[in-house]
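Architecture and fold: a report
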Amino acid sequence: MGKGFFNVPVAINEPVKTYAPGSPEREDVKKAYTKMFNSKVEVPMYINGKDVKTKNTRTLSPPHDHQHIVGTYHLAEKQHVEEAISTALEARKSWSQLPWEQRAGIFLKAAELIAGPYRAKINAATMIAQSKNIHQAEIDAACELIDFLRFNVQFMSDIYMEQPESTSDAWNRIEYRPLEGFTYAVTPFNFTAIAGNLPSCMALMGNVVVWKPSDSQIYSAKVIMDVFKEAGVPAGVINVVFGDPKMITDVVLSSPDFSGLHFTGSTEIFKKLWKQIGNNIETYKTYPRIVGETGGKDFIVAHKTANAKQVATAIVRGAFEFQGQKCSAASRSYIPKSLWSDVKKYVIENVNSFKMGSPEDMSNFITAVIHEGSFDKLSSYIDQAKKDKDAEIIVGGNYDKSKGYFIEPTVIVTTSPKYSTMCTELFGPVMTIYVYEDKEYSNTLKLVDETSQYALTGAILATDRYAIEEATKVLQNSAGNFYINDKPTGAVVGQQPFGGARASGTNDKAGSAQNLLRWVSPRMIKETFVTPTDYRYPFLG
Ligand code: NAD
């Protein structure tokens, strides 16, 4: 152990760069984008500190230009997953014993690498792989990931400081051990920051990891691994495997040493994994920790005292930034009749002013959705809305997948508050609005609470404090992140710890010490200074 009680650097949020015309960061990212877009990357897996290539490869293409190939990646066979597990367990012997300040040093260095030399590269990779515009890439791949890395070190230190009371004759100490075995990180396509955070926060707490990124995020996952390597994460501590998620997961979850799942993705997959872990429970040496952040059907409720322009802005930013592919993206709104004509006018004006196309052209606010599966799902819901009597599309409604998977931001107004797109997570740029009678505010709040299985984010816009208070109470269990007079997206690490309940996840709040606590198993040590020598208590006379 270190000979001193070390203070960690005070974590601060990484300032978001503007990328305004003429700024140096804009030139840097444009250069990186052009270079990466016009060359071919080969992405091996990374096991035991070595690049692993197989005979089985798949190509990488940007969603906004799906016939253009930017590289290939290598897919795992069963033996690679087994090797990732055994190598992680071997690495655990040294990694779990390494003093915490050494682990902290590695991940703080990773944060600075992303803030500096890797910033343009990780942003460009996210623009290419996930079709984020530069602002969305910057707040995710650069700033949020940097924040996770810095704040997690602070949270780790806070956790270690949390100690029980002692007395003059007994000293009580808690040591926060890493989990016994190895952990499994399964990450989604939509946030490079989440992809980086899930494996690294477990490793920071002394665990070893098998990480399976999403097939739609491989390019930016590669940059994350390059950063971790350069920052000094030792061989075997984080092992990356790509490929068939079911095969990989079957191998991982059948290992007796599996000790924790850190998942972010859809509700359906998380429930499957939970069941599989349950079915294998006799296999494991320890009860696995299960953390999952999953789907959402996030809402905006306006009260009649809200400002129509503010409501419209919350709707268009909340629903359409990154094409609505944020777990927190607003996808259902409840607007009082008296505000509706103004809100409608502003929403239509805003949406009609959006430019859509490749993220390379920085004047584009909207780019493509992630893949053909998502495109087909979204277009079928839009087609259905065109046919349904209780739905009307007031703006958008077109789509085109000839070059990229482009779906126009679409606003549906429904007369049925339980219309399918009010309840189902579509994960794309589709907002459905229900207009309610002003006097029905209280009933509308109940409706909001009862309409979906999810409880991730939601927002109330109002100036009347009684209305705000009522919404805050009635919607207590409807959202893990609740916003007053704001859009329901854009949580910042260290400021708004993020996560939802019900079908939205285990609510272990990414970006907080609560999450990191799941990746340690405390050992209580009591040391007695006056050790008894006689079993008889005084009461025995
Ligand atoms: P997804 O569920 O399709 O994929 C997530 C991960 O699970 C990927 O790595 C994928 O390969 C893997 N996977 C797929 N099938 C699997 C299987 N049978 N066994 C094991 N792993 C499997 O999700 P996605 O499309 O990448 O991301 C979008 C979803 O993630 C949305 O539902 C969104 O709401 C959710 N999400 C939630 C949060 C949150 O914090 N609550 C954050 C981001 C995304």
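First things first, this report covers the structure right here in the doc. (Residues numbered from 1 in each chain as written. Predicted model: local features only at pLDDT ≥ 70, side-chain atom pairs only at ≥ 80, totals over all residues. Heavy atoms only, no water.)

Describing the sheet that holds strand β5 (residues 71–74)
Here we have 3 strands laid out as an open sheet, ordered β1-β5-β4, and mixed in their pairing. On the outer flanks of this sheet lie β1 (41–43) and β4 (57–60), each paired with one strand and no other. Averaged over all pairs of adjacent strands, the angle between strand axes in this sheet comes to 20°, irrespective of strand direction. Pairing between β4 and β5: 4 bridges, direction antiparallel. Across the sheet, the residue bridging to Arg 58 is Tyr 73, located in β5. (Pairing = 2+ DSSP bridges. Helix = DSSP H or I, 4+ residues; strand = E, 2+ residues; numbered from the N terminus. Axes fitted to C-alpha atoms, helices over the stretch in contact; angles between N-to-C directions.)

Observations concerning the packing of aromatic side chains
Evaluation of the coordinates by the stated rule reveals 19 aromatic pairs. Among the aromatic residues, those joined into a cluster by ring pairs are Phe 6, Trp 100, Tyr 160 and Tyr 176. (Phe/Tyr/Trp six-rings, centres within 6.5 Å; stacked < 30°, edge-to-face > 60°.)

A few points about empty space enclosed by the protein
By the definition in use, this model includes 1 cavity of 30 Å³ or more. One number sums up the size of the largest cavity: a volume of about 90 Å³. Contributing to the lining of the largest cavity are 15 residues, with Gly 324, Ala 329, Ser 331, Glu 425 and Phe 427 lying nearest its centre. A per-class count over the lining of the largest cavity returns 6 nonpolar, 5 polar and 4 charged. (1 Å grid on protein atoms, 1.4 Å probe; cavity = no way out; pocket = protein on both sides within 12 Å on 5 of 7 lines; lining within 4 Å. Points joined across faces, edges and corners; volume = space filled by probe spheres on them. Nonpolar A, V, L, I, M, F, W, Y, C, P; charged D, E, K, R; others polar.)

Quick look at the pairing of strand β7 (residues 182–186)
β7 sits mainly inside the fold: 5 of its 5 residues count as buried. Across the two faces of β7 the burial is the same, with Phe 182, Tyr 184 and Val 186 and Thr 183 and Ala 185 all buried. By the bridge criterion, 5 bridges tie β7 to strand β10 (residues 258–264) in an arrangement that is parallel. Across the sheet, the residue bridging to Ala 185 is His 262, located in β10. Examined bridge by bridge, β7 and strand β8 (residues 209–212) share 4 bridges and lie parallel to one another. Looking at β8, one finds that Thr 183 is bridged to Val 209. Of the crossover connections in this fold, the one passing from β7 over helix α6 (residues 192–204) to the parallel β8 is right-handed. (Buried < 20%, exposed > 50% of the residue type's maximum accessible area, 1.4 Å probe, protein only. Right-handed = clockwise from strand over helix to strand, strands pointing away.)

Comments concerning the sheet that holds strand β17 (residues 410–414)
Pairing is mixed in the open sheet, where 7 strands are placed in the order β14-β17-β18-β13-β12-β20-β21. On the outer flanks of this sheet lie β14 (391–395) and β21 (481–484), each paired with one strand and no other. This sheet shows a mean twist of 20° between the axes of neighbouring strands, independent of strand direction. Across 5 bridges, β17 lies against strand β18 (residues 430–436) in parallel orientation. Across the sheet, the residue bridging to Thr 414 is Tyr 434, located in β18. Relative to β14, helix α12 (residues 372–387) is tilted by about 110°, and along the sheet it contacts β14, β17 and β18. Of the strands in this sheet, β12 (298–302), β13 (330–336), β18 and β20 (457–461) are in contact with helix α14 (residues 441–451), which crosses β13 at around 165°. (Contact = heavy atoms within 4.5 Å.)

What to know about the site of the ligand
Not every one of the 26 residues close to the ligand is listed here, only the nearest: Thr 187, Lys 212, Ser 266, Thr 294 and Glu 425. In this structure, Thr 187 approaches the ligand through a main-chain N or O atom, which is 2.7 Å from an oxygen atom. A distance of 3.3 Å separates an oxygen atom of the ligand from a polar atom in the backbone of Gly 265. Compared with its free state, where it exposes 840 Å², the ligand has 87% of that area covered by protein. When residues of the shell around the ligand are traced back to their parent elements, those giving at least two are α8 (245–253), β10 and α9 (267–279). Split by domain, the shell around the ligand shows at least three residues from each of two domains, domain 1 (24–294 + 505–523) and domain 2 (298–484). (Near = heavy atom within 4 Å. Polar contact = N/O pair within 3.5 Å; in protein donor to acceptor, adjacent residues only side chain to side chain. Areas by Shrake-Rupley, 256 points an atom, 1.4 Å probe, with all protein chains shown as cover. Domains from an automatic or database assignment.)

Quick notes on the side chain of His 80
With respect to the helices and strands, His 80 occurs in helix α2 (residues 78–95). Using a relative accessible area of 7% as the deciding quantity, one classes His 80 as buried. Separated by 2.9 Å, the side chain of His 80 and the backbone nitrogen of Glu 77 make a polar contact. Sequence-distant contacts of His 80, defined by excluding residues within four places in its chain, comprise Met 45, Ile 47, Val 52, Thr 54 and Val 241.

Points about helix α3 (residues 100–115)
The end-to-end C-alpha distance of α3, which contains 16 residues, comes to 23 Å, matching closely the 22 Å that a straight helix rising 1.5 Å per residue would cover. Of all the positions in α3, only Trp 100, Arg 103, Ala 104, Ile 106, Phe 107, Ala 110, Ala 111, Leu 113, Ile 114 and Ala 115 are classed as buried. Packing partners of the buried residues in α3 comprise α2, α4 (119–130), α5 (134–161), α6 and α7 (218–231). (Expected span 1.5 Å × (residues − 1).)

Concerning a nonpolar patch on the surface
A cluster of nonpolar side chains, contributed by Tyr 535, Tyr 537, Phe 539 and Leu 540, occupies part of the molecular surface with about 580 Å² of accessible area. Residue placement: Phe 539 occurs in the segment after β23 (520–528). For Phe 539, a relative accessible area of 70% translates into the label exposed. (Patch = residues over 30% accessible without salt bridge, like charges linked within 9 Å, V, L, I, M, F, W, Y side chains within 5 Å. Salt bridge = Lys/Arg side-chain N within 4 Å of Asp/Glu carboxyl O.)

Limitation: the analysis is restricted to geometry and does not speak to function.
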